Amino acid sequence: MVREVKKEELAEVLNLYLHLHETSVPEQSEHLSVTWNQIIEDQNHHLIVNVIDGTIVSSCVCVIIPNLTRNVRPYAFVENVVTHADYRRHGYATECLNYAKTIAEQNHCYKLMLLTGSKEQKTLEFYKNAGYNSTDKTAFIQWLDL
């Protein structure tokens, strides 16, 4: 079942992120609690999860960004697309992306975009099959070291 995350599911989400690019779960801290509450309370921040037999197996984030161009229509950004390694290739992430698309449409977004750091052909094909293309825009990243 695809839905938005519940506040009490932070630990499950953090453990799922170990299948993304994280190498450890962050320690419980005030900063983690404040950040989690910001995410949960922000009506433009949608942390989408796919739950199978009571377990979160896949997730993505969809953020709606207000905008002054394109007839003052917002755009949506998708990030942190992940599926637990034991549940891959069953369409669970696709269901999360479709849910994100529905949120973007409901918010009258003019585009939905995402970035991936993967160069693996199967990952790029996955995003193409989900309706994304890599030809309309060029992405540039500037990493900030704090």
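Scroll up a little and you will see the structure.
Residues numbered from 1 in each chain as written. Predicted model: local features only at pLDDT ≥ 70, side-chain atom pairs only at ≥ 80, totals over all residues. Heavy atoms only, no water.

Considering the pairing of strand S2 (residues 45–52)
Taken across its eight residues, S2 has seven buried, putting it largely inside the fold. In the sheet, S2 pairs with strand S3 (residues 55–65) via eight bridges, with the strands oriented antiparallel. Looking across to S3, one finds that His46 is bridged to Cys62. Remark: two residues form the turn of the hairpin made by S2 and S3, two consecutive strands paired antiparallel; Asp53 in that turn has positive phi of roughly 50°. (Buried < 20%, exposed > 50% of the residue type's maximum accessible area, 1.4 Å probe, protein only. Helix = DSSP H or I, 4+ residues; strand = E, 2+ residues; numbered from the N terminus. Pairing = 2+ DSSP bridges.)

Brief notes about the pattern of salt bridges
With the rule as written, the count across this model stands at one salt bridge. In this structure, the salt-bridge partner of Arg3 is Glu9, at a minimum N-O distance of 2.6 Å. Since its relative accessible area comes to 9%, Glu9 is described here as buried. (Salt bridge = Lys/Arg side-chain N within 4 Å of Asp/Glu carboxyl O.)

Here's the deal with the sheet that holds strand S4 (residues 75–83)
Strand order in the open sheet formed by five strands is S1-S2-S3-S4-S5, and the pairing between neighbours is mixed. With partners counted over all chains shown, the strands left at the sheet margins are strand S1 (2–4) and strand S5 (112–114), one partner each. Geometrically, the sheet is characterised by an average inter-axis angle of 30° between neighbouring strands, direction not taken into account. One ladder, built from three bridges, connects S4 with S5; its direction is parallel. Counterpart to Ala76 in the pairing with S5 is Leu112. (Axes fitted to C-alpha atoms, helices over the stretch in contact; angles between N-to-C directions.)

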